[in-house]
Protein chains: 2
Amino acid sequence: MAETVTIKTIASLLGISPSTVSRALQGNPRIGLRTRERVSELALSLNYVSNSAARMLKKNTTFTVGVVVPNLHEEFFSLLIAGIEDVLGQNGFQAIISQSRDDMEREKKAVEHFLRARVDGLIVSLSATTNEYDHFQRLERYGIPVVFCDRTPKGFPSFRVRSSVEAGLRSGLEFLYQKGIRKIALLNGPPYLLSSDERLNTYLRGMYELNLETSPNYIRSTDLSKEDTITQIEEILQLENRPEAIIAFNDYVALDAIKVVKQKGLVLNKDITFLSFANLPITDHVENGPIASVEQFPYQIGSKAGELLHGVLSCPSDIHNYREEVVDSVLKIRGL
Amino acid sequence: MAETVTIKTIASLLGISPSTVSRALQGNPRIGLRTRERVSELALSLNYVSNSAARMLKKNTTFTVGVVVPNLHEEFFSLLIAGIEDVLGQNGFQAIISQSRDDMEREKKAVEHFLRARVDGLIVSLSATTNEYDHFQRLERYGIPVVFCDRTPKGFPSFRVRSSVEAGLRSGLEFLYQKGIRKIALLNGPPYLLSSDERLNTYLRGMYELNLETSPNYIRSTDLSKEDTITQIEEILQLENRPEAIIAFNDYVALDAIKVVKQKGLVLNKDITFLSFANLPITDHVENGPIASVEQFPYQIGSKAGELLHGVLSCPSDIHNYREEVVDSVLKIRGL
DNA sequence: CTGTTAGCGCATTCAC
DNA sequence: GTGAATGCGCTAACAG
């Protein structure tokens, strides 16, 4: 029953040699048509499935790429994964997915697993707690290229696809300004992330150019956990000079923060207004959401990462020829 | 640079044999402590990582299990996956995840990939369009056990962990009844799924026992796509005898349907009330959601599936000793 | 305590 | 057109 069937099984059953079976299965034209047919028929009826470990050992390639994302439940990442899968699938690669749950140790374990499995390449969106990159450097030793996307590392040269929030956030600040809002705070993500940097820089420059004041009190970071977001928003709300608007790192942070705002009896879009990033489909169903959100096109980010990786894989000499792709953002204003 | 380092590399560098290195790396006490130390030091500095394909070929086990779910973005499935990962991780297994996107062909491809990769076991939640199970039967030939969870097959003997919605749905019907609601329709999932069956049966029996009338018009199925849900709900709303309440297959179906209801100018919880399944955390942020939802405890479903699979793996003679685990449900009523 | 040998399943080179 | 032989990286039985 559970007898494994290999090319040998087929060979001896047909009274031919394993190498002939191997060649027949690959459609090698040197093998007689008749033999090929007999082989594939038998293979089918015996339910033969080639052992990829053996194949890999021989050919030193797996046609498999690992994907590590912070989590799977955020629509942002599932859309990103869809983009990766679609592009890679078209090129004959299988994507296998792992989540770090925003925990660097889990991320390390996942990378370790993929390294042992000798995936051909890796696509990573960093965990919020990742502040060292040794586990990625090791992959280079094995010639396994890594493409970072969205959550990309700081000060670590690499292939990357990032979202530029600049355009979207600029429009967002102007939008708030035109609504008469002047006091704007930033509830940012973890400082390790390039995306936090970009939000901060764009915020600072935008505020400056709009001639608006800000202060260190107005700039806080959450580690993206619900708990920390609650702590941070509570401190912001307690400021004697309470902001009229808050720019949240992403829609989830905004939703968590808005819950607190409402618990405190404040009125959304009157006492305080939220602007955030991601523009997730699920927020369609949410009434008390951010007034506007910067669309980042996660599917495109994923598919660009897939293309980038595929490019590197088809031209291995490029492995240190690091490139960066940028996906632009657009501000989406919700109906009130 | 990209020179692969194997146990041979280490062996020749240290002037010892590959098998000694292999044993040392496994912490075999028969190898001298000093040798073990030298080996692990060198392995570390050379960035040695064992090749799991080679190991697998030898030991015929991968310590890897495949997980196939319909999608990753529904919190239900990401919680289910978290349950699987936690249990399996504790037992030294790595879960690798794939999504079918509710498409049987994709599901088949994923299963095929896992079969080639010779995962030790498989955990599956069926795609909404899956109506044949040949691709799972093939796994049995290779002694790879499959555990179905939540979306389990009909008429196909197997290991399964399912959610019993009976208790929750019964409470739900009574809850609606006590609110004076008499006309209750069912917007069910695809007929292939056991969970659709259970919802239907419980609905029919509950209606009967409450002495409420129903009719074929009141019972519809959606394939879970947004488009089909919209079509179905529109037809329900056009009935001359429009229901006062609708039981939706899950929270997502409910949210999609509610959007239509509001577009038609109907008032939620007055003209029409929704009850659904899953009780997802995200609905915390949704004001116009179902009035109540049957909590199904997806994390528990996942962890039970992990335990069940782990049990079968540690006792291979059990491979046809099919068992079913049931996770009970509870009605959660939302504050209005 | 350590080395030698063989083989897991497959693809490939070299024979014929 | 087909077969025999070899080796990918690793482990395990058998020797010493």
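Going by the structure above, here's the rest.
Since we're looking at a predicted model, the values are computed, not measured. (Residues numbered from 1 in each chain as written. Chains lettered and ligands numbered in written order. Predicted model: local features only at pLDDT ≥ 70, side-chain atom pairs only at ≥ 80, totals over all residues. Heavy atoms only, no water.)

Caption draft 1: Region of the structure containing the overall build of chain A. The number of helices and strands found in chain A is twelve helices and twelve strands. Relative to a compact globule of 336 residues, whose C-alpha radius of gyration would be 20 Å, chain A shows 25 Å and is clearly more extended. Within chain A, buried positions represent 54% of all 336 residues. For chain A, restricting intrachain contacts to residue pairs at least 6 apart in sequence, the fraction spanning at least 24 positions comes to 72%. (Helix = DSSP H or I, 4+ residues; strand = E, 2+ residues; numbered from the N terminus. Rg over C-alpha atoms; globule rule 2.2 N^0.38 Å. Buried < 20%, exposed > 50% of the residue type's maximum accessible area, 1.4 Å probe, protein only. Contact = heavy atoms within 4.5 Å.)

Caption draft 2: Local environment of the relation of the copies chain A and chain B. Overlay of chain A on chain B (RMSD 0.2 Å): rotation 180°, translation along the axis 0.1 Å. In symmetry terms, the pair is related by a two-fold rotation axis. (Least-squares fit on C-alpha atoms with pLDDT ≥ 70 in both.)

Caption draft 3: Region of interest: the protein's contact with DNA strand D. Looking at DNA strand D, there are 25 residues lining it, with T20, R30 and K58 of chain A together with I7 and Y48 of chain B nearest. Sugar plus phosphate: this is where 62% of the atoms of DNA strand D within 4 Å of the protein reside. Here a phosphate oxygen of DNA strand D and a side-chain polar atom of T35 of chain A are 3.0 Å apart. Between DNA strand D and the protein, one listed contact pairs a phosphate oxygen with a backbone N or O atom of N51 of chain B at 3.3 Å. For the surface near DNA strand D, the secondary structure elements donating two or more residues are α2 (18–25) and α4 (52–59) of chain A together with α1 (7–14), α2 (18–25) and α4 (52–59) of chain B. (Near = heavy atom within 4 Å. Polar contact = N/O pair within 3.5 Å; in protein donor to acceptor, adjacent residues only side chain to side chain.)

Caption draft 4: View of the protein's contact with DNA strand C. Around DNA strand C sit 26 residues in total, of which Y48 of chain A together with S19, T20, R30 and K58 of chain B are the nearest. The sugar-phosphate portion of DNA strand C accounts for 57% of its atoms within 4 Å of the protein, the bases making up the rest. Between DNA strand C and T20 of chain B, the relevant distance is 2.5 Å, taken from a phosphate oxygen to a side-chain nitrogen or oxygen of the residue. Listing elements by their share of the surface near DNA strand C, those giving two or more residues are α1 (7–14), α2 and α4 of chain A together with α2 and α4 of chain B. In terms of residue count, the dominant contributor to the surface near DNA strand C is α4 of chain A (four residues).

Caption draft 5: Structural detail: unusual backbone geometry. All names here are of chain B. Phi at D102 takes a positive value of approximately 55°, unusual for a residue other than glycine. Here D102 shows up in the loop between β2 (94–99) and α6 (104–116). At L224, a residue that is not glycine, the phi angle is positive and equals roughly 80°. The residue L224 is located in the loop between β7 (219–221) and α10 (226–237) in this model.

Caption draft 6: Representation of the packing of helix α8 (residues 166–178) of chain B against helix α9 (residues 194–209) of chain B in the model. Residue and element names in this part refer to chain B. Axis separation between α8 and α9 bottoms out at 10 Å; the angle between their running directions is 40°. Our classification of the angle between α8 and α9 gives oblique. Here the hand of the crossing between α8 and α9 comes out right-handed. Across the interface between the two elements, E166, L169, R170 and L173 of α8 pack against E198, R199, T202, Y203, R205, G206, M207 and E209 of α9. Looking at the contact of α8 with α9, its residues break down into four nonpolar, two polar and six charged. (Axes fitted to C-alpha atoms, helices over the stretch in contact; angles between N-to-C directions. Parallel < 35°, antiparallel > 145°, perpendicular 65-115°, else oblique. Left-handed = near helix turned anticlockwise from the far one by under 90°. Nonpolar A, V, L, I, M, F, W, Y, C, P; charged D, E, K, R; others polar.)

Caption draft 7: The arrangement of empty space enclosed by the protein in detail. All names here are of chain B. By the definition in use, this model includes three cavities of 30 Å³ or more. Here the largest cavity is characterised by a volume of approximately 120 Å³. As for the largest cavity, its lining consists of 13 residues, of which F76, D150, F249, N250 and Q296 are closest to the centre. Broken down by secondary-structure element, the contributors of at least two residues to the lining of the largest cavity are α5 (75–90) and α9. Among the residues forming the lining of the largest cavity, the class breakdown is six nonpolar, three polar and four charged. (1 Å grid on protein atoms, 1.4 Å probe; cavity = no way out; pocket = protein on both sides within 12 Å on 5 of 7 lines; lining within 4 Å. Points joined across faces, edges and corners; volume = space filled by probe spheres on them.)

Caption draft 8: Geometry of the sheet that holds β7 of chain B. All names here are of chain B. Read across the open sheet, the six strands follow the order β7-β6-β8-β9-β10-β12; overall the sheet is mixed. The open sheet terminates on both sides in strands that have one partner only, identified here as β7 and β12 (330–333). Averaged over all adjacent pairs, the angle separating strand axes in this sheet is 20°, with direction ignored. Direction of pairing for strand β8 (residues 245–248) relative to strand β9 (residues 273–278): parallel, over a ladder of three bridges. Bridging from a neighbouring strand, I247 pairs with L275 of β9. Against the sheet, α9 touches β6 (184–188), β7, β8 and β9, its axis set at about 170° to β6. Each of β6, β7, β8 and β9 touches α10; the most contacted strand, β7, lies at about 165° to it. (Pairing = 2+ DSSP bridges.)

Caption draft 9: How the structure looks around the side chain of N188 of chain A. Structurally, N188 of chain A is set in strand β6 (residues 184–188). If we skip the residues at most four places from it in the chain, N188 of chain A touches S196, R199, L200, R220, S221, T222 and F249 of chain A.

Caption draft 10: How the structure looks around the nonpolar core. Among the nonpolar cores identified, the biggest contains 146 residues, and I10, F136, I184 and F274 of chain A together with I184 and F274 of chain B are the most heavily contacted of them. Excluding anything up to four places from it in sequence, F274 of chain A contacts I233, I246, A254, A257, I258, V261, L268, P290, I291 and A292 of chain A. Core analysis: the second largest hydrophobic core is formed by 60 residues, V65 of chain A together with L88, V286 and V327 of chain B among them. (Core = buried A, V, L, I, M, F, W, Y, C linked by side-chain atoms within 4.5 Å.)

Caption draft 11: Looking closely at the interface of chain A and chain B. Each partner contributes residues to the interface: chain A has 56 residues there, and chain B has 57 residues. Both sides of the chain A and chain B interface together cover about 5100 Å² of buried area, and 51% of this is carbon and sulfur. Considering only the side of chain A, the residues that lose the most area to chain B are V49, R141 and H285 of chain A, jointly responsible for 13% of the buried surface there. Joining chain A to chain B, the criterion identifies ten salt bridges. E85 of chain A serves as the salt-bridge partner of R101 of chain B, at 3.2 Å between the closest nitrogen and oxygen. On inspection of chain A and its partner chain B, the count reaches 29 residue pairs in polar contact (both at pLDDT 80 or more). Here the side of chain A that touches chain B gets seven residues from one element, more than from any other, and that element is helix α6 (residues 104–116) of chain A. (Buried area = accessible area lost by both parts, 1.4 Å probe. Salt bridge = Lys/Arg side-chain N within 4 Å of Asp/Glu carboxyl O.)

Caption draft 12: Focus on the sheet that holds strand β7 (residues 219–221) of chain A. Residue and element names in this part refer to chain A. In spatial order, the strands read β7-β6-β8-β9-β10-β12; together these six strands make up an open sheet with mixed pairing. The sheet terminates laterally at β7 and β12 (330–333), the two strands that pair on one side only. Strand after strand, the sheet turns through a mean of 20° between neighbouring axes, direction not considered. As judged from the four bridges shared by strand β9 (residues 273–278) and strand β10 (residues 292–295), these two strands associate in the parallel manner. Looking at the pairing, L275 lines up with A292 of β10. Its contacts with the sheet put helix α10 (residues 226–238) on β6, β7, β8 (245–248) and β9, and the angle it makes with β7 is roughly 165°.

Caption draft 13: Geometry of the pattern of salt bridges. Residues and elements named next belong to chain A. Per the counting criterion, the structure on display carries 38 salt bridges over all chains. Of the charged contacts, one joins R138 and E112 as a salt bridge, the two residues approaching to 2.9 Å between their closest N and O atoms. Here R138, found in helix α7 (residues 134–141), pairs with E112, found in helix α6; they are 26 residues apart in sequence, far enough to count as distant. The exposure class assigned to E112 is partly exposed, which follows from its relative accessible area of 25%. Between R162 and E324 there is a salt bridge; the shortest N-O distance is 3.3 Å. Note that R162 is positioned in strand β5 (residues 159–164) and E324 in strand β11 (residues 324–328), a separation of 162 residues in sequence. Taking the relative accessible area as the measure of exposure, E324 reaches 40% and is therefore partly exposed.

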